[in-house]
Amino acid sequence: MTTEAPGRPSRSPSFPSFLAGLMVLWPLLAILGTQGFAPLIVLVAFAGLAFRPQLPKPSILLALFIALIAWVSVSFVWSPARDGPILSGSLAAQDFAVEFSPARLIAVAIASMVAISAVKVSTARTRLSARVIIAILTLHLGMILITPPLLEQGLGLMYDTPQEAMRDGMQNVLRYANALALALPVLLAVAWTSGSLWRIAGHVGVVGATIVFALLGSGAALIGVILMFFVIAIVMALPRNGFRTVFTGLAGLVLAAPALGWVARAFDTLNIAIPLSFQSRLWAWQVVSDKVMEKPLLGHGLEAASTWRETYALRPDWLAEAVARGGQEAAWMRYPLVPSHPHNMPLEVWIETGLVGALLLAGTLLAFGWRLPRPGDMSLRLRIGTAGLIGSALAIALVSYSTWNEAFWASIVLLALTLVVVDRAQQA
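What counts and how
All chains use their own residue numbering, which begins from 1 and follows the written sequence. For a predicted model such as this one, the threshold for reporting local features is a pLDDT of at least 70, and the threshold for listing and counting side-chain atom pairs is 80 or more; totals across whole chains, interfaces and linings nevertheless cover every residue. Side-chain figures throughout are based on the complete set of non-hydrogen atoms in the structure, without hydrogens or water. Side-chain rings of Phe, Tyr and Trp (the six-membered ring for Trp) are treated as a pair once their centres are within 6.5 Å; stacked means planes under 30 degrees apart, edge-to-face means over 60, and tilted covers the remaining angles. Ring-over charges, as used throughout, are those where CZ of Arg or NZ of Lys falls within 6 Å of the ring centre and within 35 degrees of the ring normal. By definition, any uninterrupted DSSP run of H or I lasting at least four residues is a helix, any uninterrupted run of E lasting at least two residues is a strand, and each is numbered from the N terminus. What makes two residues a contact is simply this: any of their non-hydrogen atoms within 4.5 Å. What a helix is expected to span follows from its residue count: subtract one and scale by 1.5 Å. Each residue's exposure class comes from its accessible area (1.4 Å probe, protein chains only) as a fraction of the maximum for that residue type: buried when under 20%, exposed when over 50%, partly exposed otherwise. As defined here, a cavity is a set of points on a 1 Å grid over the protein atoms alone where a 1.4 Å probe fits but cannot get out. A pocket is an open set with protein on both sides within 12 Å along at least five of seven lines, and residues line them when an atom is within 4 Å of a point. Grid points are joined across faces, edges and corners, and a volume is the space filled by probe spheres set on the points. For this analysis, a polar contact is any N or O atom pair within 3.5 Å, provided that within protein one partner can donate a hydrogen and the other can accept it, and provided that sequence-adjacent residues contribute only side-chain to side-chain pairs. Residues are sorted three ways: Asp, Glu, Lys and Arg are charged, Ala, Val, Leu, Ile, Met, Phe, Trp, Tyr, Cys and Pro are nonpolar, and all the rest, Gly among them, are polar. We define a salt bridge as a side-chain nitrogen of Lys or Arg found within 4 Å of a carboxyl oxygen belonging to Asp or Glu. The set of buried Ala, Val, Leu, Ile, Met, Phe, Trp, Tyr and Cys residues whose side-chain atoms join them within 4.5 Å is what this entry labels a nonpolar core. The predictor rates its confidence in each residue with pLDDT, a number between 0 and 100. Between N-to-C directions, angles cover 0 to 180 degrees, with each direction set by a line fitted to C-alpha atoms, over the stretch in contact for helices. Oblique is the label for any angle not covered by the other classes, which are roughly parallel (under 35 degrees), roughly antiparallel (over 145) and roughly perpendicular (65 to 115). A clockwise turn of the near helix away from the far one marks a right-handed crossing, whereas an anticlockwise turn of less than a right angle marks a left-handed crossing. Two axes enter the bend calculation: one fitted to the seven residues ending at the residue in question, the other to the seven starting there, and the bend is the angle between them.

Participant: Could you give me a rundown of the packing of aromatic side chains, with the residues and numbers involved?
Facilitator: How two aromatic rings sit relative to each other is set out by the distance from centre to centre and by the angle between their planes. Counting across every chain of the model gives 14 aromatic pairs. Taken together, Trp-283, Tyr-312, Trp-318, Trp-332 and Tyr-335 form an aromatic cluster joined through their ring pairs. The ring of Trp-308 carries the charged tip of Lys-291 above its face, separated from the ring centre by 4.7 Å. Positioned above the aromatic ring of Trp-318, the side-chain terminus of Arg-315 is 3.8 Å from the ring centre.

What follows is the structure, given as structure tokens:
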């Protein structure tokens, strides 16, 4: 553990300095599709081990979190996504193999707890580390602002064919935008708690990023900006129970997720023209909500949705509507009704881990919300940043990534760590 003497900077390395050094990789990993965030949190955790992080104290939150991770892992046993036995071969024959996809989630969960503990015990208040982190996230913002005019040329250089550029390239660009949507609350919190010029620059940056999100067609990132300000408003309006209110609402959202199919059907009757990408989500939610009732208690198993092969050829009504809105009939006939996952985390928890998983997740969210300090007891910077990160993460969770996307959870933990560092720098 390193500490700083009052009025004298620490000469020994601190955990914030290690974190800032590793966060230099953030913009590069973001532009490459964000999957590198999971290895990055592991590297941060390894750095944190040098500061002797303490074991987490027993609590209801810890018990529920461990139970949730354990149940998700157990659900892999009956998942159709499992190709064969979990353990196969032998060491003697040199063909020993382990097929256990939850291992990635478990590794990120352990690394996250180590990193969080390390930032708690390392009390160094390194202003330089905070400045480096802010510069890194500002670079990400600058990179996204210049993306639209360079997009076509850049994708042409990085991919061999136009088809690959549109499919794989644009998917990475959207993930790149989502990563910035998650990082914006940190920059916004710093801007709001700095001088007037910083506040102006912060608002200009948010507006510019929002315009770019719209130009890139990143609906999840746009919703992220909206929910960022929405959750900030709740927390600022409720200085005593803001976080408890938000997380109670999130727990209720998880438990009510199977009703999303009914909501999607009701929305369809309104005949409101929305982008096909979001319309396909509404259709997928209807399919998945129906499948929840097939195995409501235990679920279909981890990543089961990735094995469902039904396409729009089985739903001529939806196929006709997609074609009427400009979709290519041949492509949509082969397009799966549920593309790999439902693009809604609460619904995916229900469909793959059942009521048991949903109850454990809802309980974990409730316990976390009640464990957080009251907003009024936080510094303004930490309050704004935490609330904004919750809002932007919620948007991604509701319409974008799979629940089991370990890179997504790693990115949230990394940004939470940076929030602690930039908050301490202000108090130093």
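Additional details are given in the paragraphs that follow.
Participant: Can you break down the environment of Arg-371 residue by residue, with the values?
Facilitator: Inspection of the secondary structure puts Arg-371 in helix α16 (residues 345–371). Spatially, the C-alpha atom of Arg-371 lies 18 Å from that of Val-119, the residues being 252 residues apart in sequence. Residue contacts for Arg-371: discarding those within four places in its chain leaves Ser-59 and Leu-61.

Participant: So what about helix α4 (residues 60–74)? Which residues, and what values?
Facilitator: Each α-helix winds once per 3.6 residues, and so residues spaced three or four apart point in a common direction. With 15 residues, α4 should cover 21 Å at 1.5 Å per step; its first-to-last C-alpha distance of 21 Å lies within 8% of that length. All buried positions along α4 are accounted for by Leu-61, Leu-62, Leu-68, Trp-71, Val-72 and Ser-73. Those residues of α4 hidden inside the fold are in contact with α5 (102–121) and α16.

Participant: Break down empty space enclosed by the protein for me, citing the residues and quoting the values.
Facilitator: Evaluation of the coordinates by the stated rule reveals 2 cavities of 30 Å³ or more. Quantified by volume, the largest cavity comes out at close to 40 Å³. Every residue along the wall of the largest cavity is listed here: Thr-34, Phe-37, Arg-175, Ala-179, Leu-182, Tyr-401, Ala-407, Phe-408 and Ser-411. Those elements that provide at least two residues to the lining of the largest cavity are α8 (162–192) and α18 (406–427).

Participant: Provide a residue-level description of the side chain of Ser-289, including the pertinent values.
Facilitator: By the secondary structure assignment, Ser-289 is in helix α13 (residues 276–292). Among the polar contacts listed, one links the side chain of Ser-289 to the backbone oxygen of Trp-285, at a separation of 2.8 Å. Excluding its chain neighbours within four sequence positions, the residues that come into contact with Ser-289 are Pro-258, Leu-260, Gly-261 and Leu-347.

Participant: Explain the layout of surface pockets to me, and be specific about the residues and the numbers.
Facilitator: Considered as a void within the structure, the second largest pocket measures approximately 1,600 Å³ in volume. Taken together, 44 residues make up the lining of the second largest pocket; nearest its centre are Gln-171, Arg-281, Tyr-335, Pro-339 and His-343. With 8 residues, the single largest contributor to the lining of the second largest pocket is α8. In terms of residue class, the lining of the second largest pocket is built from 18 nonpolar, 15 polar and 11 charged.

Participant: Any chance you could break down the pattern of salt bridges for me, citing the residues and the numbers?
Facilitator: Evaluated as defined, the whole model comprises 6 salt bridges. Salt bridges linked by common partners bring Arg-104, Glu-303 and Glu-406 together as one network.

Participant: Let's hear about unusual backbone geometry: which residues, and what values?
Facilitator: The phi angle at Glu-303 is positive, at roughly 65°, despite the residue not being glycine. The topology assignment puts Glu-303 in the loop between α13 and α14 (316–324). Residue Glu-303 is classed as partly exposed on the basis of its relative accessible area, which comes to 22%. Although it is not a glycine, Ser-340 sits at a positive phi angle of roughly 75°. Relative to the assigned elements, Ser-340 resides in the loop between α15 (329–334) and α16. With relative accessibility at 47%, the residue Ser-340 sits in the partly exposed group.

Participant: Got a sec to walk through the nonpolar core? Specific residues and values, please.
Facilitator: In terms of nonpolar packing, the biggest core is built from 129 residues, with Trp-26, Phe-37, Ile-41 and Phe-213 touching the most fellow members. If near-sequence neighbours (up to four positions away) are discounted, Trp-26 is found in contact with Phe-37, Ile-136, Leu-137, His-140, Ala-179, Ala-183, Ser-411, Leu-414 and Leu-415.

Participant: An account of the confidence of the model for the protein is requested, with residue identities and associated values reported.
Facilitator: Across the protein, the average pLDDT comes to 91, with 93% of residues at or above 70. In this model residues 1–10 is a low-confidence stretch, pLDDT under 50, and it forms 16 contacts with partners more than four residues away in sequence or in other chains.

Participant: Outline the packing of α4 against α5, supporting the account with residue identities and numerical values.
Facilitator: Orientation of α4 relative to α5, taken along the N-to-C sense of each, is 160°, at an axis distance of 9 Å. The orientation of α4 with respect to α5, classified from their angle, is roughly antiparallel. Judged by the twist between their axes, the crossing of α4 over α5 is left-handed. Of α5, the residues touching α4 (which contributes Leu-62, Phe-65, Ile-69, Val-72 and Ser-73) are Pro-102, Leu-105, Ile-106, Ala-109 and Met-113. Its residues assigned to classes, the contact of α4 with α5 shows 9 nonpolar, 1 polar and no charged.

Participant: Quick rundown of α8? Include the residues and the values.
Facilitator: Spanning 31 residues, α8 covers 42 Å between terminal C-alpha atoms, matching the ideal 45 Å at 1.5 Å per step. Taking the largest bend as the criterion, α8 deviates by roughly 35°, centred on Ala-183, and proline Pro-185 comes between one and four positions later.

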